[in-house]
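# Working through the structure, step by step
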Amino acid sequence: MTTQVRASHILVTKEDDANRIKKRITDGEDFAAVAKRFSSCPSKKNGGDLGWFGKGQMVPEFEAAAFAAEQGSVIGPVKTQFGYHIIKVTGKK
């Protein structure tokens with residue numbers, strides 16, 4: 001059973017922007033480079049990396065999406081109170 005996830009994300013305010021950003025990544029652009037350029041979260045300085053987190057540490061919508069996704073996948077947009085997230089799951093343990 002997965003008890004922790006490591007993820008990176010890109011946070012934007014508009015769903016259309018999130019969809020455009022996700023397409024850039026699926027078309028081959030580097031996730032970290034896109035995060036540094038477009039994300040409004042302070043984690044952008046680390047390419048969007050949020051590090052490892054367990055259940056109860058993130059807002060419910062973000063947590064549910066990250067724990068459900070396969071390692072290595074890029075998912076979203078996921079809407080939370082903060083905006084729209086594109087999430088890359090980089091580890092599970």
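Described below are features of the structure shown in this document.

Rules used throughout
Residues numbered from 1 in each chain as written. Predicted model: local features only at pLDDT ≥ 70, side-chain atom pairs only at ≥ 80, totals over all residues. Heavy atoms only, no water. Phe/Tyr/Trp six-rings, centres within 6.5 Å; stacked < 30°, edge-to-face > 60°. Buried < 20%, exposed > 50% of the residue type's maximum accessible area, 1.4 Å probe, protein only. Lys NZ or Arg CZ within 6 Å of the ring centre and 35° of its normal. Helix = DSSP H or I, 4+ residues; strand = E, 2+ residues; numbered from the N terminus. Contact = heavy atoms within 4.5 Å. Pairing = 2+ DSSP bridges. Axes fitted to C-alpha atoms, helices over the stretch in contact; angles between N-to-C directions. Parallel < 35°, antiparallel > 145°, perpendicular 65-115°, else oblique. Left-handed = near helix turned anticlockwise from the far one by under 90°. Nonpolar A, V, L, I, M, F, W, Y, C, P; charged D, E, K, R; others polar.

## Looking at the packing of aromatic side chains
- Under the counting rule described, the total for this entry stands at two aromatic pairs.
- Summarising the aromatic geometry, the rings of Phe-53 and Phe-62 are spaced 6.1 Å apart at their centres and angled 55° between planes, so their arrangement reads as tilted.
- Classification of Phe-53 by relative accessible area gives buried; the value is 1%.
- By relative accessible area, Phe-62 is classed as buried at 2%.
- Members of the aromatic cluster, joined through ring pairs, are Phe-53, Phe-62 and Phe-67.
- Above the face of the Phe-67 ring, Lys-55 is positioned so that its terminal group lies 4.5 Å from the ring centre.
- Above the face of the Trp-52 ring, Lys-93 is positioned so that its terminal group lies 4.4 Å from the ring centre.

## Thoughts on the environment of Leu-50
- As for its placement among the helices and strands, Leu-50 is situated in strand β2 (residues 49-54).
- If we skip the residues at most four places from it in the chain, Leu-50 touches Ala-7, Ser-8, His-9, Ser-43, Met-58 and Phe-62.

## Let's talk about the sheet that holds strand β4 (residues 83-92)
- Spatial strand order, β2-β1-β4-β3: four strands in an open sheet with antiparallel pairing. Whereas interior strands pair on both sides, the edge strands pair on one side only; in this sheet they are β2 and β3 (74-80). Each neighbouring strand pair of the sheet contributes to a mean axis angle of 40°, computed without reference to strand direction.
- Across four bridges, the pairing between strand β1 (residues 4-12) and β2 is antiparallel. Following the sheet pairing, Arg-6 is matched in β2 by Trp-52.
- Its contacts with the sheet place helix α2 (residues 31-38) against β1, β3 and β4, and it is angled at close to 45° to β1.

## Examining the packing of helix α1 (residues 15-26) against α2
- Relative to each other, α1 and α2 sit at 155°, their axes nearing to 9 Å. Classified by the angle their axes make, α1 and α2 are roughly antiparallel. Seen along the crossing, α1 lies across α2 with a hand that is right-handed. Between α1 and α2, the residues in contact are Ile-21, Arg-24 and Ile-25 and Phe-31, Val-34, Arg-37 and Phe-38, respectively.
- Residue composition of the contact of α1 with α2, grouped by class: five nonpolar, no polar and two charged.

Keep in mind these values describe shape, not function.
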